[in-house]
Amino acid sequence: MREWRLQNPHGHECLCRSTEWPLVLFTLATQLACGLAAAATVFDAMAGAAGAQPMRPLAAAIFPLIAAGLLGSLLHLGRPWMSWRAVANLRQSRLSREVLLTAVFAALALAYSACWWTGNTEGRLILGVATSAAGIVAVWASAAVYKTPTRPAWNSGWLPASFLGTTVLLGGVTPALLISWAGNAGILRVFLAATIAGSLLLLVAAFWMLADLSRCASGTFLSGHSAWLGCHVALASVLPVAIAVRLWPNGTAEITPLAVWVLPAVLAGSAAGRGAMYWLGTRYEPF
Amino acid sequence: VAASRAQIGFFVDATRCSNCKTCEIACKDFNGLGPGRRIRKVRSFEGGEFPAVFAYNLSMSCNHCEDPACVKGCPAGAYSKRAEDGIVVHDPEKCIGCRYCTWVCPYGAPQYDERDGRVRKCNLCLGETVPACVAACPMRAIEVGPLAEIAEKTGATVALRDWPSPALTRPSIRYRVRKEAQA
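Student: What is the right way to look at the overall build of chain B in this model?
Tutor: Within chain B one finds five helices and nine strands. Listed N to C, the secondary structure of chain B is β-α-β-β-α-β-β-α-β-β-α-β-α-β in terms of helices and strands. Taking 16 Å as the expected radius of gyration for a compact globule of 183 residues, we find that chain B reaches 16 Å, a close match to that expectation. Taken along the three principal axes of its C-alpha coordinates, chain B extends 50 × 35 × 30 Å. When each of the 183 residues of chain B is scored for burial, the buried share is 57%. Relative to all contacts within chain B whose residues are 6 or more apart in sequence, the contacts with residues 24 or more apart total 60%. When the accessible area of chain B is evaluated, it comes to approximately 7500 Å², of which 52% is carbon and sulfur surface. Positive and negative side-chain charges in chain B, numbering 26 and 20 respectively, have mean positions lying 1 Å apart.

Student: Honestly, the interface of chain A and chain B in this entry has me stumped. Any pointers?
Tutor: Often the size quoted for an interface is simply the accessible area lost on bringing the parts together. Residue-level contacts link 38 residues of chain A with 48 residues of chain B. Together chain A and chain B conceal approximately 3600 Å² of surface at their shared face, both sides included; 56% is due to carbon and sulfur atoms. At the boundary of chain A and chain B, one finds one salt bridge. Summed over the shared surface of chain A and chain B, the number is 22 residue pairs in polar contact (both at pLDDT 80 or more). Counting residues per element, the ones that place at least two in the side of chain A that touches chain B are α4 (94-118) and α10 (259-282) of chain A. Looking at the side of chain A that touches chain B, its residues break down into 19 nonpolar, 11 polar and eight charged.

Student: Would you take a moment to explain the environment of Ala167(B) for this structure?
Tutor: Residue and element names in this part refer to chain B. Along the chain, Ala-167 falls in the loop between α5 (147-150) and β9 (173-176). You can call Ala-167 exposed: its relative accessible area is 64%. For the pair Ala-167 and Lys-41, spaced 126 residues apart in the sequence, the C-alpha separation amounts to 22 Å.

Student: Mind showing me how you'd approach the pattern of salt bridges here?
Tutor: Where charged atoms from two side chains of opposite charge come close, those side chains can pair. As enumerated under the stated definition, the model contains 14 salt bridges over all chains in all. The salt bridge partner of Asp44(A) is Arg124(A), with a shortest N-O separation of 3.0 Å. With a gap of 80 residues between them, Asp44(A) in helix α1 (residues 21-51) and Arg124(A) in helix α5 (residues 124-145) connect regions that are remote in the sequence. Here Asp44(A) and Arg124(A) have matching classes, each one buried. Between Lys153(B) and Glu143(B) there is a salt bridge, with the nearest N and O atoms lying 3.0 Å from each other. In this pair, Lys153(B) is assigned in the loop between α5 and β9 and Glu143(B) in strand β8 (residues 142-146), connecting sequence segments 10 residues apart. Among the residues examined, Lys153(B) registers a relative accessible area of 29% and is labelled partly exposed.

Rules used in this analysis
Residues numbered from 1 in each chain as written. Chains lettered and ligands numbered in written order. Predicted model: local features only at pLDDT ≥ 70, side-chain atom pairs only at ≥ 80, totals over all residues. Heavy atoms only, no water. Helix = DSSP H or I, 4+ residues; strand = E, 2+ residues; numbered from the N terminus. Rg over C-alpha atoms; globule rule 2.2 N^0.38 Å. Buried < 20%, exposed > 50% of the residue type's maximum accessible area, 1.4 Å probe, protein only. Contact = heavy atoms within 4.5 Å. Areas by Shrake-Rupley, 256 points an atom, 1.4 Å probe, with all protein chains shown as cover. Lys, Arg positive; Asp, Glu negative; His and termini not counted. Charge placed at Lys NZ, Arg CZ, Asp CG, Glu CD. Buried area = accessible area lost by both parts, 1.4 Å probe. Salt bridge = Lys/Arg side-chain N within 4 Å of Asp/Glu carboxyl O. Polar contact = N/O pair within 3.5 Å; in protein donor to acceptor, adjacent residues only side chain to side chain. Nonpolar A, V, L, I, M, F, W, Y, C, P; charged D, E, K, R; others polar.

Here it is, written out as structure tokens:
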């Protein structure tokens, strides 16, 4: 006789919304802003205050990005006008800490973006290091929110790896595609290396997630998001690596026109992966 | 799982439960819940292989855990655990509708209401003599009382098949189940 087993081990479908697009926007905007802060700081350090001018539009966009992410996250709330209460439980709640740390990152980003916008170079490098560090802490706090034993799909190392991978990928690929690199091939290659590293980290996270889920979920459960995951791997892992490998040898060439197609595709792939993450974690109740 | 003296909890005799869902309806009626929101749920489980098949039903609402994940998770401080009886109370006025409690509760107890933008959960019908579910159950399968007494009942267990580990939040509930449902 076979071992006893339940016919419906995953419980019933949750009635809650499961894709969480406001949170996809919030997490991606935070990670893009963090990646750009780190990229601007690296550029500033390598090229010097005068040589880093091509980075100015992207560095100035850091604060608007994080502000857009925070405003977008309000759409996730049932009562957004009560959002000020989200920091009321700092002593215990990881979510409260995430909100506070993201607000600290946003405040530093405001000062950092203003520095670039006004052309003020005094103390900009130190502010860039502080903003990047605050961004990384905010991204880490964001990943910690999802580490809960009641959500097996999230309670694993693949999720922080995915958040970190997205930060590194977007921080590398965005300036690599949007800036004219004539005369700065060395710095471009730093960003291309970040692009490859972030893409590979995302690829590892995707397979790590599949390995985890194959142990605790059925094939039907997994097949429901295979298209999204395939889109994520193709656009946020394979495509950036291919572009980076193609651009590496001719690092001084004009490459800006590529951004028209590649950057939106990478962002769409990242959003598909993040959407799948929320779908997996919230679609089914714990038991 | 050790039971504290003051803690109030549920006892559900699953061997009596007929899955009539009267407890669910009474709960919805008392709390004025719309379609889809079930603060108390009866879950049915079945398994085995002919001729040795089995089925059992577990009626459950908030378990008023001794170490509640919702209290620790809620960013707005909308949840509190009363010192006098251990009841986990949710204050809808403080709720911001982030739904994080619905993610961290191992038992799916908090229920989000899309129309209201807030979460609702069992407050053990505070102010009533007995909770609506206890009063309504035609099989007298649900009881409420001090957890220390409930834990002493014959067959009382919290180690159930395919249930979240009681070590996660130390739920203040005990079931009486047939051996097939035991972990």
